Amino acid sequence: MSSTPIISICTSRYRRGHHPNRLHNSPMPISKLLPGIFILGITFACCTATGYAAESVFPKGDTPPPLLGRHFPDRVHECIWRNWEAVAPETLARILGASSEDVTGIAVSMGLAATPQRCPEMLTRGYATLIRRNWHLLPYEQLLELVNMTPERLASTLREEDFLWIKLGRLKPACEPLRFQPPDDAAKARAAEIRRVVETEVGNALTQPGEPRFDFVRQLNLPPAEIAPVNTEANEDDPIRLVYSYVAVYGDPLLNPDLNPYPDGLLQRLASAGINGVWLQGLLRDLAPGGADFPEFGAGHEQRLANLHALTERAKRYGIRVFLYLNEPRSMPLSFFEDHAGLRGVEEGDLAALCTSQPAVRRWMTDALAHIFSTVPELGGVYAITASENLTNCASHGAWQACPRCKERSDADILCEVVSVLEAGVHRGNPNARVLISDWGWRGHGEAPDIIARLPKSVCLMSVSEWKLPIERGGIPSEVGEYSISSVGPGPRAQVEWNAARQAGLKTGTEIQFNNTCEIASIPYLPVMDLIAEHCFNLRASTRLDAMLIGWTMGGYPSPNFQLARDLERMAVPDTSAALDALARERYGPEGAPHARKAWTLMSDGFREYPFHISVVYTAPVQCGPANLLHPAPTGYKATMWGFPYDDLEGWRGPYPPEVFASQFEKVAKGFHAGLPELKTAVAKTPPEQRADAVSDLRLARAAALYFQSTANQARFILARNALADPARSKEEHGALRTEIKRLLESEIDLARRLFALAREDSRIGFEPSCQYFYLPLDLVEKVVNCRWLLNHFQNRNENGDPGEH
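Residues numbered from 1 in each chain as written. Predicted model: local features only at pLDDT ≥ 70, side-chain atom pairs only at ≥ 80, totals over all residues. Heavy atoms only, no water.

## A look at unusual backbone geometry
Here E328 and P329 are connected by a cis peptide whose omega angle stands at 0 degrees. A cis amide bond links G489 to the next residue, P490, at an omega of 5 degrees. With respect to the helices, strands and loops of the structure, P490 is situated in the loop between β15 (476–479) and α18 (492–503). Although it is not a glycine, R443 sits at a positive phi angle of roughly 55 degrees. The topology assignment puts R443 in the loop between β12 (434–438) and α17 (449–453). On the accessibility criterion, R443 (30% relative accessible area) is partly exposed. One non-glycine residue, W642, lies in the positive phi region at around 55 degrees. Mapped onto the elements of the fold, W642 is located in the loop between α22 (614–619) and α23 (649–652). (Helix = DSSP H or I, 4+ residues; strand = E, 2+ residues; numbered from the N terminus. Buried < 20%, exposed > 50% of the residue type's maximum accessible area, 1.4 Å probe, protein only.)

## Observations regarding the pairing of strand β10 (residues 351–354)
When strand β8 (residues 332–333) meets β10, the two strands line up antiparallel, connected through two bridges. Among the inter-strand pairings, M332 is bridged to a residue of β10, identified as A352. Direction of pairing for strand β9 (residues 344–348) relative to β10: antiparallel, over a ladder of three bridges. Within β10, the residue paired with E347 across the bridge is A352. (Pairing = 2+ DSSP bridges.)

## Some remarks on the side chain of N713
Checked against the element boundaries, N713 lands in helix α25 (residues 691–724). Only 3.0 Å separates the side chain of N713 from the side chain of E748, close enough to count as a polar contact. (Polar contact = N/O pair within 3.5 Å; in protein donor to acceptor, adjacent residues only side chain to side chain.)

## A few points about the state of the cysteines
Across all of its chains, the model carries zero disulfides by this definition. Cysteine C394 remains unbridged, with the sulfur of C403 as its closest cysteine sulfur at 3.9 Å. With no disulfide of its own, C403 has C355 as its nearest cysteine by sulfur position, at a separation of 3.7 Å. Residue classification places C403 among the buried positions, given a relative accessible area of 0%. (Disulfide = S-S within 2.5 Å.)

## What about the nonpolar core?
Membership of the largest hydrophobic core comes to 270 residues, with the highest contact counts inside it found for W81, W442, F607, Y610 and F708. Here this core takes 17 residues from α25, the largest share from any one element. Excluding residues that lie within four positions of it along the chain, W81 makes contacts with F72, M110, L112, I194, V198, L778, V781, E782 and V785. (Core = buried A, V, L, I, M, F, W, Y, C linked by side-chain atoms within 4.5 Å. Contact = heavy atoms within 4.5 Å.)

## Looking at helix α20 (residues 560–570)
The element α20 is extensively covered by neighbouring structure, given that nine of its 11 residues are classed as buried. For α20, the full list of buried residues reads P560, N561, F562, Q563, L564, A565, R566, D567 and L568. For α20, the secondary structure elements touched by its buried residues are β5 (240–244), α12 (264–272), α19 (529–542), α21 (576–607) and α25. At the N-terminal end of α20, a side-chain oxygen is found 3.3 Å from the backbone nitrogen of N561, two or three residues along, and the residue is S559.

## A word on the packing of α20 against α21
At a minimum axis separation of 10 Å, α20 and α21 run at an interaxial angle of 140 degrees. Considering the angle they form, α20 stands oblique to α21. When the axes of α20 and α21 are compared, the crossing they make is right-handed. Side by side, α20 and α21 meet where P560, Q563, L564, R566 and L568 of the first sit next to T576, A579, L580, L583, E586 and R587 of the second. Grouping the constituent residues of the contact of α20 with α21 by class yields six nonpolar, two polar and three charged. (Axes fitted to C-alpha atoms, helices over the stretch in contact; angles between N-to-C directions. Parallel < 35°, antiparallel > 145°, perpendicular 65-115°, else oblique. Left-handed = near helix turned anticlockwise from the far one by under 90°. Nonpolar A, V, L, I, M, F, W, Y, C, P; charged D, E, K, R; others polar.)

Spelled out as structure tokens, the structure:
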């Protein structure tokens, strides 16, 4: 019997450092804010050559019952529907123990096309989407078949791919193996009802071609039809404007050159929009040999550095420099320290820090960086976070006093030493490379002037512009604790940090986003140009910035928002009205420009009403809008961070009362709806040769309006559904609640149908690079089926005199 060895791997929290189910702004150190949830062990047991042994254990945490769609006849029908435009029928048939004809027959019985338009890139670019949409349907054994992964690859995906395990809720529903059974008469009857709904609501749309998912990758590979000339000569004094790729696969992009993170067409477009830097993540242990101290490090580093070198040479042709995003030294499994006992630092679960108080760790880091930057001399530099969600140095999560070597030191001692090591290694390899150091996470996102005063003089101190900005939405006071476009900075924390940096003789930079944020990330950019212009103007008025990180994993699409920021930066005296007018004329022509300006203002004013809070941007259904399903009774599931919103209104709303939460999203939607007629007029008046981009802007604005209205609808539906289940309410109240539920379900049907049409036209809608697709177009048809079923469900309960489910 052959087998794979037992391995143990660990995963960290989501990047932003807040609890995925109950999030809040807090100045507390991260280690105190989130005790006990940083690290989650993932263990694999043996598997035989012929199949998985019964004792095989995959990451699952809690194992609650799966949440199944009651609008489907059974799990087999649900599985086939969910995967019909994502997975080949042959694959589904093999997993379910059926024939391709059986699977196709089930699909057709529900109104799906016999030969659907499928995306061949789903396994390579959409595997997180496949995992998420089958999380409640398939056990691990069948998931591995579906995504064609080994157990080790799945473990790495859950751990390293932007913390997918956290996004999935740190649990695995207890799914029984799913096997095909011929449908009985009841299942056939329900499938026929679904087919009638599909035919009535979307006609023959499912048989018509739409834009394939990930087609934007092909489009951004193509050279642009027209492109403004770019300066290919890098000026060391030019401020860095740094973004992440819209098309990159987050995992290990340098190991697979076929998944090119920065195709030439994208680089050209970014350069034309004023971008002169791009970043991608890296691990030192994968990018350089480990030397005598760490001989186990460095596997595959030659190939990665060769691909990195090729990328830097291509990017240089467009005046763009490549930066590495680093969290180092990355923690290691406890088993690693069996051979390195003297290097073990702070422990979290099954991980421990590589203690930087030990010279061997600092020596390895310096040598690794020097090797990278001398081997790839065209690298622009590093962007480093020393207190991120990944456990790195012993002070990274505020618990350095648990380390026997660090306990007598201060956090400033440790953090400044790490930065000094990073700076020394980079500049030993290339004295001209830039070192951008983020203050993210220092002192629980508090102020840290004493740390800044001790940083090497050659580094650039980066701080999120709008952090700790006080806001009030719907009469509820709050404070910005994430990237925000609706809240225009800079805020007080950044001002303090930049002042401290200038006093220390350091360069300064900001972390900011112009296209989108966690407020709504599944649309590539928002036409809220007044807000972008206002923020750019405020930054120019407050400080000179040497660098701008203007896109985390979301926000890297080459957009008019980038062009606006570029234009304002180039003005000797920034004039927001002049910059906005010029962009509108460039985008929509002289006749369309005035209407575009009105639309931007109306949408910007609407977006100012966004009920910003960490809980809202991480867990509310705003990333999937109408695609989020509704339920006849509380599911009991807690919303996850950028994964499953479920029906967890209490988790979504943060400090906002439910009525205020819903009302604020309605205000945002109202502002967008008010701007749409003006934007539509602008598109109609746009010269034909410019109209494609203008139409794209209108499509994205329409989609955003649908997301915001649906988020409000879903909150009000949950309120009404829960109230209906209260037997103490009067008959009149129950009648009013049923009327409200009917109105909301019909509204959701309308929104889902409209978003379905838009998403079929544009493969960018619903996509974010680290999460991949939050939903596919077919999910919006399912939402229609879901709402029709609920309408019948509540009508039947009314006729039976049942107030509702508990």
